[in-house]
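Listed below, chain by chain, are the residues.
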Amino acid sequence: MKKYRHVKKTSTKPEVREPIISRRLSDKFDIPEDIIAKAPVILGYGNHRLCIGNYRSIIEYTEELIKVQTKQQKIYIRGNKLVIAYFREDEMCVLGNIDSIEYHR
């Protein structure tokens, strides 16, 4: 009679593997890695305009604070007279006097 030995297969969490997979796909297909990983893309124009790509939702919106949920984290935009100039499915833009941009897990 054969004896079978159970070998526990080690696995890594998807968030640990994701950077490796997205890097390989990026190299193979010549597509920017942030697009594959759906990482947030933040473009700042001085301290009066901020555009965020690849966001999921707007959590909170006041003239002093805008909280945005992305795939990996939350982004807090602090300032005064903040307004959301536009928001689309994949991109949004904030105008106003931007004091800080914070990243929260």
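Residues numbered from 1 in each chain as written. Predicted model: local features only at pLDDT ≥ 70, side-chain atom pairs only at ≥ 80, totals over all residues. Heavy atoms only, no water.

1. Considering the sheet that holds strand 5 (residues 74–87)
Here's step 1: The strand order across the open sheet built from six strands is 1-2-6-5-4-3, with neighbouring strands paired in antiparallel fashion. Of all the strands in the sheet, the pair left with one neighbour each is strand 1 (41–45) and strand 3 (55–61). In this sheet, adjacent strand axes meet at a mean angle of 40° when their direction is disregarded. (Pairing = 2+ DSSP bridges. Helix = DSSP H or I, 4+ residues; strand = E, 2+ residues; numbered from the N terminus. Axes fitted to C-alpha atoms, helices over the stretch in contact; angles between N-to-C directions.)

2. Thoughts on the pattern of salt bridges
If charged atoms from side chains of opposite charge come close, those side chains can pair.
Here's step 1: Counted according to the given criterion, the structure contains three salt bridges.
Here's step 2: A salt bridge links glutamate 60 to lysine 67; the shortest N-O distance between them is 3.3 Å.
Here's step 3: A relative accessible area of 18% places lysine 67 in the buried class. (Salt bridge = Lys/Arg side-chain N within 4 Å of Asp/Glu carboxyl O. Buried < 20%, exposed > 50% of the residue type's maximum accessible area, 1.4 Å probe, protein only.)

3. Points about the pairing of strand 3
Here's step 1: Across five bridges, strand 3 lies against strand 4 (residues 65–70) in antiparallel orientation. Bridge assignment links tyrosine 61 to a residue of strand 4, and that residue is isoleucine 66.
Here's step 2: Remark: three residues form the turn of the hairpin made by strand 3 and strand 4, two consecutive strands paired antiparallel.

4. What to know about the environment of leucine 43
Here's step 1: Topologically, leucine 43 is positioned in strand 1.
Here's step 2: As for leucine 43 and cysteine 93, which are separated by 50 residues in sequence, their C-alpha atoms are 9.1 Å apart.

5. Topic: the packing of aromatic side chains
Here's step 1: Per the stated rule, a full pass over the model turns up zero aromatic pairs.
Here's step 2: When the ring centre of tyrosine 45 is taken as reference, the NZ or CZ atom of arginine 49 above it lies at 4.7 Å. (Phe/Tyr/Trp six-rings, centres within 6.5 Å; stacked < 30°, edge-to-face > 60°. Lys NZ or Arg CZ within 6 Å of the ring centre and 35° of its normal.)

6. Considerations on a nonpolar patch on the surface
Here's step 1: Together, Tyr61, Val83 and Leu95 make up a nonpolar patch on the protein surface, roughly 250 Å² of accessible area in all.
Here's step 2: Mapping tyrosine 61 onto the fold places it in strand 3.
Here's step 3: Judged by relative accessible area, which is 43%, tyrosine 61 ranks as partly exposed. (Patch = residues over 30% accessible without salt bridge, like charges linked within 9 Å, V, L, I, M, F, W, Y side chains within 5 Å. Areas by Shrake-Rupley, 256 points an atom, 1.4 Å probe, with all protein chains shown as cover.)

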